[in-house]
Amino acid sequence: MGLRAKLHLGHMTKLLFCSSAGHLLQLVYPPVCAGCGRIAAASAALCAECWGTVRFVERPFCDISGAPFDHDRGEGMLSPEAIANPPPYAKARAAVLYDGVARKLAQGLKYSDRADLAKMMAKWMVRAGREIVDDSDVIVSVPLHRHRLLSRRYNQSAELARAISKLTGKPFEAGGLRRIRATRQQVGLGLRARQDNVRGAFAVPPSQMPRISGYKVLLVDDVLTTGSTVAAATRALNRAGAEQVCILTFARVASPGAETLYA
Ligand SMILES: [Zn+2]
C-alpha cells in the first residue's frame, strides 16, 4: 500500500462529518474483514482468504434437525436423535458450522456494531434454507430479554430476520415472540439445564396472535447448539396456533458433544 493510500485510510478513520438529514456525527471506518481484521475490498465483510475457510453446511444432513452426517445415508434420511427425540419444529437448517471465521461473524454481529454483516449472513441463510423459507408465511426472531437488549443495544437474531425479510419479501413480525421471564445465559449449561432454563420463557403476545395463528412460521436465530432455545420458542408459537414452525440459524455446532462450549 502506498503512502498516499495509508494517509487516506488514516484520514478516513478519523473523518467526522455531519449527515445532511440529522446532523448526526458519524465515524467512518474503512471496510475491515470480520474474520481477520485486515482491510478488505470495498463493502466486503470478509477477505477472500477468510471466505475460503468458512464451512458451509452441505448435504448429507438429517432432514429434520439439519445435523450433518459424516457419510451419505440417502435422501430424506433422519438422524437417530431426531427419531428418538423428535423436536417440536418441523425442520431446522443452518448456513455454516459454528467455528473459526463463522464464529467470529456470529460474535461480531452480537457484540459489535457490524450491522453490515447481517446482510451477508442473511444471504447465506436464505441459500441454505431456501426450501423452508419458501414454505413459510411469516418470519419471527428469537427475542432477547429486555435487560439484555438494553445492554447489547440490539438483537442479532432480529437483525438477521429483518435482512432475510428484505431478501425474500416475507413479512417479519418483530414483536411476534416475547420473553416472559428472564433466563440465564445458556453458555456453559448442559442439555438438561438448558431445557430447564428456557422452559416457559417465551410467549406470543395476545395482540400478535392473529399474525401467528394458522400461519407457517420461519423462526430465526443466530446460532443453534442443543436446540433447547428454539424448541421452547417453537412451543410458544404452537400454543398460539402456528400451523408449522421451521428454524433457520446462521450457524450450528457440528457435533452435539461440543454443545456446552458454545453460546
Ligand atoms: Zn480476513
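Conventions used here
Along each chain, residues carry numbers from 1 onward, in the same order as the chain's sequence is written. Whole-chain, interface and lining totals are the exception, using all residues; otherwise, since this is a predicted model, local features are given only for residues with pLDDT of at least 70 and side-chain atom pairs are given and counted only at 80 or more. UniProt positions are given in the numbering used here, feature names are shortened, and annotations may be inferred rather than shown by experiment. What counts as a helix is a DSSP run of H or I of at least four residues, what counts as a strand is a run of E of at least two, and both are numbered from the N terminus. Counting other C-beta atoms within 10 Å of a residue's C-beta gives its exposure: the residue is buried at 20 or more, exposed at 12 or fewer, and partly exposed in between, where C-beta atoms are placed from the backbone. The term nonpolar core refers to a group of buried residues, namely Ala, Val, Leu, Ile, Met, Phe, Trp, Tyr and Cys, whose C-beta atoms join them within 7 Å. Contact definition: two residues whose C-beta atoms, as placed from backbone geometry, lie within 7 Å. The axes used here are C-alpha line fits, helices contributing only the stretch in contact, and every angle between their N-to-C directions lies in the interval 0 to 180 degrees. For a crossing to be left-handed, the near helix must be turned anticlockwise from the far one by less than a right angle; the clockwise case is right-handed. Side-chain classes follow a simple rule in which Ala, Val, Leu, Ile, Met, Phe, Trp, Tyr, Cys and Pro form the nonpolar group, Asp, Glu, Lys and Arg form the charged group, and the remainder, Gly included, forms the polar group. The pairing criterion is simple: DSSP has to find at least two bridges between the two strands. When the strands point away from the viewer and the connection leading from the first strand across the helix to the second strand turns clockwise, the crossover is called right-handed. By definition here, a helix of n residues has an expected span of 1.5 Å times n minus one. The quantity known as pLDDT measures the predictor's confidence residue by residue, on a range of 0 to 100.

If you check an unreviewed UniProt entry, the protein chain appears there as Putative amidophosphoribosyltransferase from Hoeflea phototrophica. Among the UniProt annotations of the protein chain, the heading Sequence similarities (unreviewed entry) holds the following wording: "Belongs to the ComF/GntX family."

Undergrad: An account of the overall build of the protein chain is needed here, citing residue identities and associated values.
TA: When you go through the protein chain residue by residue, the secondary structure sums to eleven helices and eight strands. In the protein chain, buried positions account for 35% of the 263 residues.

Undergrad: Can you explain the nonpolar core? Please cite residues and give values.
TA: Leu 160, Leu 219, Leu 237 and Phe 250 are the most contacted members of the largest nonpolar core, which has 61 residues in total. Here Phe 250 is in contact with Ala 94, Ala 95, Val 96, Ala 106, Met 121, Met 125, Leu 160, Asp 222 and Val 223, once residues within four sequence places are set aside.

Undergrad: Break down the packing of helix 9 (residues 191–198) against helix 11 (residues 228–239) for me, with residues and values.
TA: At a closest axis distance of 9 Å, the pairing of helix 9 and helix 11 adopts a crossing angle of 35°. In the crossing of helix 9 with helix 11, the sense of the turn from one axis to the other is right-handed. For the pair formed by helix 9 and helix 11, the contact residues are Leu 191, Arg 194, Gln 195 and Val 198 on the first element and Ser 228, Thr 229 and Ala 232 on the second. Its residues assigned to classes, the contact of helix 9 with helix 11 shows three nonpolar, three polar and one charged.

Undergrad: Describe the sheet that holds strand 3 (residues 91–97), listing the residues and the values that go with them.
TA: Read from one edge to the other, the open sheet built from four strands follows the order 3-8-7-4, with strand pairing classed as parallel. Pairing within the sheet leaves two strands with one partner each, and these edge strands are strand 3 and strand 4 (138–141). Pairwise comparison of adjacent strand axes, ignoring direction, gives a mean angle of 25° for this sheet. Relative to strand 7 (residues 216–224), strand 4 is paired through four bridges, and the arrangement is parallel.

Undergrad: With reference to specific residues and values, describe the environment of Arg 235.
TA: Positionally, Arg 235 belongs in helix 11. Each C-alpha atom of the pair Arg 235 and Tyr 89 lies 8.2 Å from the other, and the pair is 146 residues apart in sequence.

Undergrad: How would you explain the environment of Ala 45 if you had to name every residue and give the values?
TA: With respect to the helices and strands, the residue Ala 45 is situated in the loop between strand 2 (25–27) and helix 2 (48–51). Along the backbone, Ala 45 and Val 32 are 13 residues apart, and their C-alpha atoms lie at a distance of 6.8 Å. Beyond its immediate sequence surroundings of up to four residues, Ala 45 is in contact with Ala 34, Asp 116, Leu 117 and Met 120.

Undergrad: Report on the pairing of strand 7, specifying residues and quantitative values.
TA: With eight of its nine residues buried, strand 7 lies for the most part within the structure. In this structure, strand 7 lies alongside strand 8 (residues 244–252), joined through eight bridges in parallel fashion. In the sheet register, Asp 221 faces strand 8, and the bridge partner there is Thr 249. Following the backbone out of strand 7, through helix 11 and into the adjacent parallel strand 8, one traces a crossover that is right-handed.

Undergrad: Can you tell me about helix 8 (residues 156–168), naming the residues and giving the values?
TA: Its 13 residues place the ends of helix 8 18 Å apart at the C-alpha level, agreeing with the 18 Å of an ideal helix rising 1.5 Å per residue. Counting buried residues in helix 8 gives ten out of 13 residues, a clear majority hidden from the surface. For helix 8, the set of buried residues is Gln 156, Ser 157, Ala 158, Glu 159, Leu 160, Ala 161, Arg 162, Ala 163, Ile 164 and Ser 165. Of the residues one or two after helix 8, Gly 169 is the one with positive phi, at around 80°.

Undergrad: Can you explain the confidence of the model for the protein chain? Please cite residues and give values.
TA: Low-confidence regions, as indicated by low pLDDT, have predicted coordinates that should not be scrutinised in detail. Of all residues in the protein chain, 78% have pLDDT values of 70 or greater, and the mean over the chain is 81. The weakest mean pLDDT in the protein chain belongs to strand 1 (residues 16–18) at 37; the strongest belongs to strand 4 at 98. Long-range and interchain partners of residues 257–263, a stretch whose pLDDT sits below 50, account for 15 contacts in this model, where long-range means more than four residues apart.

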